[in-house]
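Structural features, examined
The lines below spell out each chain.
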Amino acid sequence: MTLLIMLIALLVLLALRVPVSFALLIPSVAYVIMDPTARIGTAVQQTVSGVDSFAILAVPMFILLGNLANVSGVTDKLYDAAVAAIGHLRGSLGYVNVATSFGFSWMSGAAIADAAAMGRVQVPAMVERGYKREFALGVTGASSLIAPMIPPSIPAVIYAVTAGVSVGALFMAGVVPALVLVASLCLTVWIIMRKREDLRLPKSTWKVRGRTTLAALPAMGSAVVILGGILSGVFTPTEASGIGVIYIFVLALAYRMLSWRKIYRTLLTTVETSGSVLLIVAAAALFGWVLAREQAPQVAANLILEITNQPIVFLILVNILLLLVGCVLEPTAAILILVPVLLPVAETFGIDPIHLGIMVIFNLLIGLITPPVGLVLFVLSSVTRAPVPTVIKGILPFFAPMVLTLLIITFVPALTVGLPTLLGFL
């Protein structure tokens, strides 16, 4: 009964648009006060333990890394290289959009940072070249979901800390699914643009291609620094976040794109975002402790086992649940609330926690482009001054490749666990 009351209280507070961190904190504190067996000291310790983790230090550093990349001119270099390489193809700027997002994703780690950067650069460029505004917004929003799938993925760090799995293994597990997403988005662009012969750019000379590629190589080097350091064992993912920040900062200085004003704004944005995320993490740690005291994982396991004893049916049920939750909760909060409940149940079905992690992360990412709370929708609306309904209309055709990618991730676990196993993380 207590568990049900807490869940209802959480839903009511979220419906009243109370910030997620306080929606988690209020019923948890009320529980501690009203339950005579719950010690306040223990509750405080559990709350602090949520952010008292070496791995969680990577979150603010990766947020700073993405913000620095956003203002460093990296996006322009990647865009120019992609246009020179494939600009002559039919509907080329759609592919350029996906390719640039993929390149930028190795630095951002967050869909919102990707959407903001790509929205400012690519949507106006595509509209100017004759692409429909809805299509430009749609492909930009859809391709922004690549960022949280590959290193340095902020949701991956949150899941790894929550589930007690290797951050490096989860980083590697997202690479192949991200490539599947890239392929499905490119296929969608081809289907939509296959008859638009007018949407081609003049073919660039090899000299131009070489020059733009050389200019973009330092930007792409961040992926080599981060991944190379992790794979070689030179530093941990948390240390990689710090090295990545230094690399991008030096790169931004070399590009002469940083001013004191930009540095101040970047640091301010990083502090605001990091504070919001870490407050959610701390509140969710206390909420999770309450759920554990009330045996929520056992209750969930018994309930699901009464419905089915088939792993495939369980995965389908989890996907449906996550798709619904993703519409109203942002990924960080949803991971912190649901993973402690779902993971023990998944383990009873023999489902690998790394496989479950990538499935959970990508499923919740779809919520970022889904009304009514989809943050990417509002970010694109803000940076392009397009009405939110226009953004939603543009993204609708891209839900099909998203669902297809989700199904592949769900039912082909080798795509997620294969690479980390090959590299010795599992």
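The name that an unreviewed UniProt entry assigns to the protein is TRAP transporter, DctM subunit, with the source organism given as Arthrobacter subterraneus. Taken verbatim from the UniProt record of the protein, the Subcellular location (unreviewed entry) comment is "Cell inner membrane".

A count of helical and extended segments in the protein gives 22 helices and 0 strands. Taken over the C-alpha trace, the protein has a radius of gyration of 22 Å; the compact-globule value for 426 residues is 22 Å, and the two agree within 12%. By principal-axis analysis of the C-alpha atoms, the protein measures approximately 75 × 45 × 45 Å. Counting across all 426 residues of the protein, residues that qualify as buried make up 54%. Long-range pairs, those at least 24 residues apart, make up 81% of the contacts in the protein between residues at least 6 apart in sequence. With the model as given, the accessible surface of the protein reaches about 18,500 Å², and the carbon-plus-sulfur share is 69%. Across the protein, 23 positive and 16 negative side-chain charges occur, with their mean positions spaced 17 Å apart.

For the rest of this paragraph, the subject is the packing of aromatic side chains. Scanning all chains against the criterion turns up 5 aromatic pairs. With centroids separated by 6.1 Å and ring planes inclined at 65 degrees, the aromatic side chains of phenylalanine 62 and phenylalanine 171 adopt a geometry described as edge-to-face. Separated by 109 residues along the polypeptide, phenylalanine 62 in helix α4 (residues 58-71) and phenylalanine 171 in helix α10 (residues 167-173) bring together distant segments of the chain. Summarising the aromatic geometry, the rings of tyrosine 131 and phenylalanine 135 are spaced 6.1 Å apart at their centres and angled 15 degrees between planes, so their arrangement reads as stacked. Through a chain of ring-to-ring contacts, the aromatic side chains of Tyr131, Phe135 and Phe398 assemble into a single cluster. A cation sits over an aromatic face here: arginine 209 above tryptophan 206, 4.6 Å from the ring centre.

This brings us to the confidence of the model for the protein. In the predicted model, the protein carries a mean pLDDT of 85, and 99% of its residues have values of at least 70. Summarising per-element confidence for the protein, the mean pLDDT is lowest in helix α15 (residues 296-307) (77) and highest in helix α18 (residues 353-366) (94).

Leu24, Met149, Tyr159, Phe314, Phe362 and Met402 are the most contacted members of the largest nonpolar core, which totals 144 residues. Once you skip the residues sitting within four places of it in the chain, tyrosine 159 turns out to touch Gly164, Val165, Leu170, Ile335, Val339, Leu343, Pro353, Leu356, Gly357 and Ile361.

A word on the environment of glycine 103. With respect to the helices, strands and loops of the structure, glycine 103 is situated in helix α6 (residues 92-108). When the C-alpha atoms of glycine 103 and leucine 396 are compared, they prove to be 24 Å apart, with 293 residues separating the residues in sequence.

Another aspect to go through is the side chain of threonine 416. For threonine 416, the location among the structural elements is in helix α22 (residues 414-422). In this structure threonine 416 comes out as buried when scored by relative accessible area, which is 0%. One polar contact links the side chain of threonine 416 to the main-chain carbonyl oxygen of proline 413, over a distance of 2.8 Å.

What follows covers the packing of helix α7 (residues 111-128) against helix α8 (residues 133-143). Between α7 and α8, whose axes approach to 9 Å, the crossing angle comes to 155 degrees. In terms of orientation, α7 and α8 fall into the roughly antiparallel class. Crossing geometry of α7 relative to α8 is assigned as right-handed. Contact residues: Asp114, Ala115, Met118, Gly119, Val123, Met126 and Val127 in α7; Arg133, Phe135, Ala136, Leu137, Val139, Thr140 and Ser143 in α8.

The next thing to look at is the side chain of threonine 212. Relative to the helices and strands, threonine 212 resides in helix α12 (residues 206-232). A residue is classified by how much of its surface remains accessible, and threonine 212, at 13% relative accessible area, is buried. At 3.1 Å, the side chain of threonine 212 and the backbone oxygen of arginine 209 are in polar contact. Beyond its immediate chain neighbours, meaning those up to four positions away, threonine 212 contacts Lys77, Asp80, Ala81 and Ala84.

A cis amide bond links proline 151 to the next residue, proline 152, at an omega of 0 degrees. By the secondary structure assignment, proline 152 is in the loop between α8 and α9 (154-163).

Procedures and definitions
- Residues numbered from 1 in each chain as written.
- Predicted model: local features only at pLDDT ≥ 70, side-chain atom pairs only at ≥ 80, totals over all residues.
- Heavy atoms only, no water.
- UniProt positions renumbered as here; feature names shortened; annotations may be inferred.
- Helix = DSSP H or I, 4+ residues; strand = E, 2+ residues; numbered from the N terminus.
- Rg over C-alpha atoms; globule rule 2.2 N^0.38 Å.
- Buried < 20%, exposed > 50% of the residue type's maximum accessible area, 1.4 Å probe, protein only.
- Contact = heavy atoms within 4.5 Å.
- Areas by Shrake-Rupley, 256 points an atom, 1.4 Å probe, with all protein chains shown as cover.
- Lys, Arg positive; Asp, Glu negative; His and termini not counted.
- Charge placed at Lys NZ, Arg CZ, Asp CG, Glu CD.
- Phe/Tyr/Trp six-rings, centres within 6.5 Å; stacked < 30°, edge-to-face > 60°.
- Lys NZ or Arg CZ within 6 Å of the ring centre and 35° of its normal.
- pLDDT = per-residue confidence, 0-100.
- Core = buried A, V, L, I, M, F, W, Y, C linked by side-chain atoms within 4.5 Å.
- Polar contact = N/O pair within 3.5 Å; in protein donor to acceptor, adjacent residues only side chain to side chain.
- Axes fitted to C-alpha atoms, helices over the stretch in contact; angles between N-to-C directions.
- Parallel < 35°, antiparallel > 145°, perpendicular 65-115°, else oblique.
- Left-handed = near helix turned anticlockwise from the far one by under 90°.

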